[in-house]
Amino acid sequence: MKRFISIVILILFSAVTIYAQTQFTADAPAQVIAGQRFRVVFTLTNGDGENMQVPEFAGLDVLYGPARSQSSQISIINGKTTSTKEESYTYTVVASKEGKFTIPSATITSNGKQYTSNQLTITVLPPDENAPSQASSQGTTQQVASNDDKTFARLVLSKTSVYEQEPILATIKIYTKAANIRSLDNAVFPSFEGFVVQDIPIQNPQIELEHYNGTNYQVVAVKQALLYPQRAGKITIDKGEFTVTVQVVRPMRGFFGMMQGYEDIEKSISTQSVNVNVKSLPSGKPSSFANAVGSFTIKSSLNNKTPKANEAITYKLQISGKGNLKYIKDPEITFPADFDVYDPKTDVDIKTTTSGVSGTRTIEYTIIPRSAGDFEIPSVEFSYFDLSSKSYKTISTQSYDIKVARGDNSQQGSMVDFTNKEDLKVLAKDIRYIKNGDFKLFRDATPIFGSLSYWIWYIVPTLIFIVYIIVNRKQTQLNSNTQLLKTRKANKIAAKRLKMASKYLKTYNKDMFYAEVLKAMWGYISDKLTIPISELSRENVSQELRTYGASEDLVSRIINILDLCEFAQYAPSQGNDVMDRDYQEAIRVIGEMENVVKNK
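Nothing here was measured: the structure is a model prediction, and the numbers come from that model.

**Student:** For the environment of S183, give the residues involved together with the corresponding values.
**Tutor:** Positionally, S183 belongs in strand β17 (residues 180–188). Under the relative-accessibility criterion, S183 is labelled partly exposed at 27%. C-alpha of S183 to C-alpha of D264: the two residues are 81 residues apart in sequence and 10.0 Å apart in space. For S183, the residues in contact, after removing those within four places along its chain, are T243, V244 and T245.

Given below as structure tokens:
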């Protein structure tokens, strides 16, 4: 009986087993070192392979292979059983010379059907020359390293001479000769002052090989961003500082003698400052220049060319291409005078990659014709600076002829025709008919001279004038004391900046949010303590706040919120709850500081 149950279970188990799709793939390291062996593996998944055709490995020498192996795996997910079978064909290869080599696709036949693998591109690096590591610059790429020849940081810029608004790809990398990179702590990234920064998320950082200054290192990119210079001239990017933990090999004495062990060590590394030469855009900018730099196209659309009076229609502009789409100005459009035009709705849909920013900027207008007739929406011009030709280009949309029909007379707010009084309708109830017919006028017999109204018209202006003189004199005295005026207005100015920060909080714009909170805090402290911002530091702020009467706890919290804001601008993205907490803490410490002022 037990044997029968086991057979039934086995049959049911086999019935629900799902075989995944057959695939044929190739895999190899992306970078290798000349003279070192590596493996190229072709894998057939869920199939029975035969008649495999492998192309010639041009530029590479095959030492062994193919070594065939098989494996299988069964997994159960949500009650579904999946069986996976793999056949692997492994080649042991060595590269005798450096360069970039491509292994073409291989083919294999399984169950009467032919499958093709993917191509492989392998970069062969030269062997170590044991050259000292130092900063170098090659071509248009500026590379900066610290003075640590084992573990160091570099800032790599794709260009160091650009036009205004021309993007620069900036990459911060960690290099090491250690066995492994364990962690990165206390990261202080460069401020990139003078640039608008568009971060490129690094979803899954990969350790790769890179040949630098005659030595091969393990490399991981910790930050990538596109930098848009906002002014012409020389802009200096300050250094970044990091604490990195690496795993190194140490000789250890074991039971069988000397052995190799691993030890984690912590190192402080930094990039050096980098200079970028930013050129002004050439003269002769067209009047329709929209601060756009890149390559763009423009098109327009109108949802209704024959509307009725007072009927809303939608006019849409769409600017597409590659460049600073997020920061360009909307083109100017001249609509007919009889049209009511509402504020446009702008939507920017972009994709940021290492090759730049591309996407679409859509501007949508809602317009309402108020009278019947024939009208024209003229062509819209859009000018941009083309980086490929280093010149300005102007493109335009089509024009639209609109025939507006007479609207429904039952609608209020329309003025369709002035030839007939009966066709003039009340517009928002502020235009009314002239009263017709006979009516009588009456003279008011009450004399104003000597009445209460007469004396009020004399006394009230006199009192207002006296009050004005007193208030104005007091205000003049207050305005003459600049420091006192700044101190009194410090809270109001900080509140305005925090209000702006709350808008960025709602849209989850982390960089602008923390920048506004930091401006609010430093500005408030500068105005309240009457110390110029350029002379403020964490040390003298702490001392001055204590002298002013703030408690140790309040001083500590103020310094803490300043540190949080400075670090958060360059830290990885955080949740809305963290940003909201920091925002509320900034409001609280300013409120408590105001209580200290009142008590004083």
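**Student:** Please give an account of the nonpolar core that cites residues and values.
**Tutor:** F513, V517, M521, L545, I558 and L562 are the most contacted members of the largest nonpolar core, which totals 36 residues. Elements supplying a minimum of two residues to this core: α3 (482–506), α4 (510–529), α5 (538–548), α6 (552–568) and α7 (576–599). Broken down by element, this core gets its largest block of residues, ten residues, from α4. Aside from chain neighbours lying at most four places away, what touches M521 is I558, I561, L562, A586, V589 and I590. Formed by 27 residues, the second largest nonpolar core is a distinct cluster that contains I235, V246, V248 and V274.

**Student:** Pulling in residues and values, what's your account of a nonpolar patch on the surface?
**Tutor:** Residues W455, Y458, I459, L463, F465, I466, Y468, I469 and I470 make up a contiguous nonpolar surface patch of roughly 980 Å² in combined accessible area. As for its position among the elements, Y468 is in helix α2 (residues 452–480).

**Student:** Summarise the packing of α4 against α6; cite the residues concerned and give the values.
**Tutor:** The contact between α4 and α6 brings their axes to 9 Å, and the two run at 150°. α4 and α6 meet at a crossing whose hand is left-handed. On the side of α4, the interface is formed by K510, Y514, V517, L518, M521, W522 and I525, while α6 contributes I558, I561, L562, C565, E566 and A568. Residues belonging to the contact of α4 with α6 are distributed by class as follows: eleven nonpolar, no polar and two charged.

Analysis parameters
Residues numbered from 1 in each chain as written. Predicted model: local features only at pLDDT ≥ 70, side-chain atom pairs only at ≥ 80, totals over all residues. Heavy atoms only, no water. Helix = DSSP H or I, 4+ residues; strand = E, 2+ residues; numbered from the N terminus. Buried < 20%, exposed > 50% of the residue type's maximum accessible area, 1.4 Å probe, protein only. Contact = heavy atoms within 4.5 Å. Core = buried A, V, L, I, M, F, W, Y, C linked by side-chain atoms within 4.5 Å. Patch = residues over 30% accessible without salt bridge, like charges linked within 9 Å, V, L, I, M, F, W, Y side chains within 5 Å. Areas by Shrake-Rupley, 256 points an atom, 1.4 Å probe, with all protein chains shown as cover. Salt bridge = Lys/Arg side-chain N within 4 Å of Asp/Glu carboxyl O. Axes fitted to C-alpha atoms, helices over the stretch in contact; angles between N-to-C directions. Left-handed = near helix turned anticlockwise from the far one by under 90°. Nonpolar A, V, L, I, M, F, W, Y, C, P; charged D, E, K, R; others polar.

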